[in-house]
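Survey of secondary and tertiary structure
Okay, here's what each chain looks like letter by letter:
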Amino acid sequence: MNYQTLKKLLTKIRRLPLHPQWFAFRHEVQQYLDIGQQVTGRVLDIGCANQYMKTYLRADSDYIGLDYYQTAVQWYATRPQVYGDAQQLPFLENSMDAVLLLDVLEHLPRPADCLREIARVLKPTGILVLKVPFLYPLHDAPLDFHRWTQFGLQQLVQQHGFQLRQVTPIGQPLETAGLLANIAISKTVLNWLQQRSPALILGIFAPLVILAINLLCGLITLISPEENLMPHSYRLILEKDEDSGLMG
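Keep in mind the model is a prediction, meaning the values are calculated, not measured.

**Quick word on the overall build of the chain**
Assigned secondary structure in the chain consists of 8 helices and 7 strands. Scaling as 2.2 N^0.38, a compact globule of 248 residues should have a C-alpha radius of gyration of about 18 Å, and the chain matches this with 19 Å. Its C-alpha atoms give the chain principal-axis dimensions of roughly 60 × 45 × 35 Å. Of all intrachain contacts in the chain linking residues separated by at least 6 positions in sequence, the fraction that spans at least 24 positions is 71%. Within the structure as shown, the chain displays about 13,300 Å² of accessible surface, and the carbon and sulfur contribution to it stands at 58%.

In structure tokens, the structure reads:
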């Protein structure tokens, strides 16, 4: 089994506890539905990938999917409605009712420019839904530049004309720990596979270990109090400040 075949297989089981990133994916449909209920009108999805979020928006929404040319064409073979740079958006001022920026900001070398551009194209009191990883490995290298705490994020967005409506840490401590352990195990096995290492024989135990970690961490989390010490991601609901157009 080669790397691409294994990757396709894992995609099919991403919401099952056999998947190494089960804690990241198991509630994703509900998370997308929640996001879809936060926005309406003309919605710009920056870094839209295969435009999956369009399915979760209200029927009366006017969806626009934008992605960077290199990312869409060379990496993921997707076709957005608009090719563009999140740090220099090709839209008029006050032209959007809402913007989605989901797992994108960490990939931008100039995140402040992106937030400034979003504030420019959003209508007064328009909504920005922002999601970023926190305790999560490098991905899409070398275009992975930033990690923020909840408080660093709040400071960053407030500096660029946004008011915080809601912040949601995603991932309880044991869920995040299990997620990171399983990613580490999976990456080790993939390295063995690519290097044709004799140690690959140990990979036959990986699915059982991953399943055990997911089930054990999930069970203990169910009987434990909520704790925001180490989320793997954050989601913020932000509103453009009516006076943000006066800001530099």
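**Points about helix H6 (residues 150-158)**
Of all the positions in H6, only Gln150, Leu153, Gln154, Leu156 and Val157 are classed as buried. Projected down its long axis, H6 carries its buried residues within an arc of 165 degrees, all on one side. The exposed residues of H6 that point more than 90 degrees off its buried face are Phe151 and Gln155. Where H6 is buried, its residues touch helix H5 (111-121), strand E5 (122-133), strand E6 (162-170) and strand E7 (233-240).

**Concerning the sheet that holds E7**
Taken in spatial order, the 7 strands of this open sheet run E3-E2-E1-E4-E5-E7-E6, and their pairing is mixed. Of all the strands in the sheet, just strand E3 (82-83) and E6 have a single pairing partner and so form its edges. Of the strands in this sheet, E5, E6 and E7 are in contact with H6, which crosses E6 at around 160 degrees.

**Details of helix H7 (residues 173-195)**
Here H7 contains 23 residues, and its C-alpha end-to-end distance of 33 Å stays within 8% of the 33 Å for a straight helix at 1.5 Å per residue. Those residues of H7 that sit buried are Pro173, Glu175, Thr176, Gly178, Leu179, Asn182, Ile183, Ser186, Val189 and Leu190.

**Some words on the pattern of salt bridges**
It is possible for side chains bearing opposite charge to pair when their charged atoms get close. A complete count under the given rule lists 11 salt bridges for this structure. With a shortest N-O distance of 2.6 Å, Arg110 and Asp113 are connected by a salt bridge. Of the residues examined, Asp113 reaches a relative accessible area of 22% and is grouped as partly exposed. A salt bridge links Arg147 to Asp144; the shortest N-O distance between them is 2.8 Å. You can call Asp144 buried: its relative accessible area is 11%. Several salt bridges converge on common partners, so that one network encompasses Arg14, Arg15 and Glu28.

Cut-off values and rules
- Residue numbering note: each chain is counted from 1, following its sequence as written.
- In view of the model being predicted, local features appear only for residues whose pLDDT reaches at least 70, and side-chain atom pairs are presented and counted only at 80 or more, with totals across whole chains, interfaces and linings using the full set of residues.
- In computing side-chain properties, one takes all heavy atoms of the structure into account and sets aside hydrogens as well as water.
- Secondary structure elements follow DSSP: runs of H or I of four or more residues count as helices, runs of E of two or more count as strands, with numbering from the N terminus.
- Computation of the radius of gyration draws on C-alpha atoms alone. For the globule rule, the value is 2.2 Å times the number of residues to the power 0.38.
- Any two residues having at least one pair of non-hydrogen atoms within 4.5 Å are treated as being in contact.
- For accessible areas, the Shrake-Rupley method is used with a probe of radius 1.4 Å. Any residue's cover is judged against the shown protein chains and nothing else.
- The classification of residues rests on relative accessible area computed with a 1.4 Å probe and restricted to protein chains. Under 20% of the type maximum is buried, over 50% is exposed, and intermediate values are partly exposed.
- Of all possible arcs, the one meant is that of the directions from the helix axis to the C-beta atoms.
- Pairing between two strands requires that DSSP report at least two bridges joining them.
- Only C-alpha atoms enter the line fits that serve as axes; for helices the fit covers just the stretch in contact. Angles between N-to-C directions range over 0 to 180 degrees.
- Given a helix with a known number of residues, its expected span is that number minus one, times 1.5 Å.
- By definition, a salt bridge exists where a carboxyl oxygen of Asp or Glu is found within 4 Å of a side-chain nitrogen of Lys or Arg.

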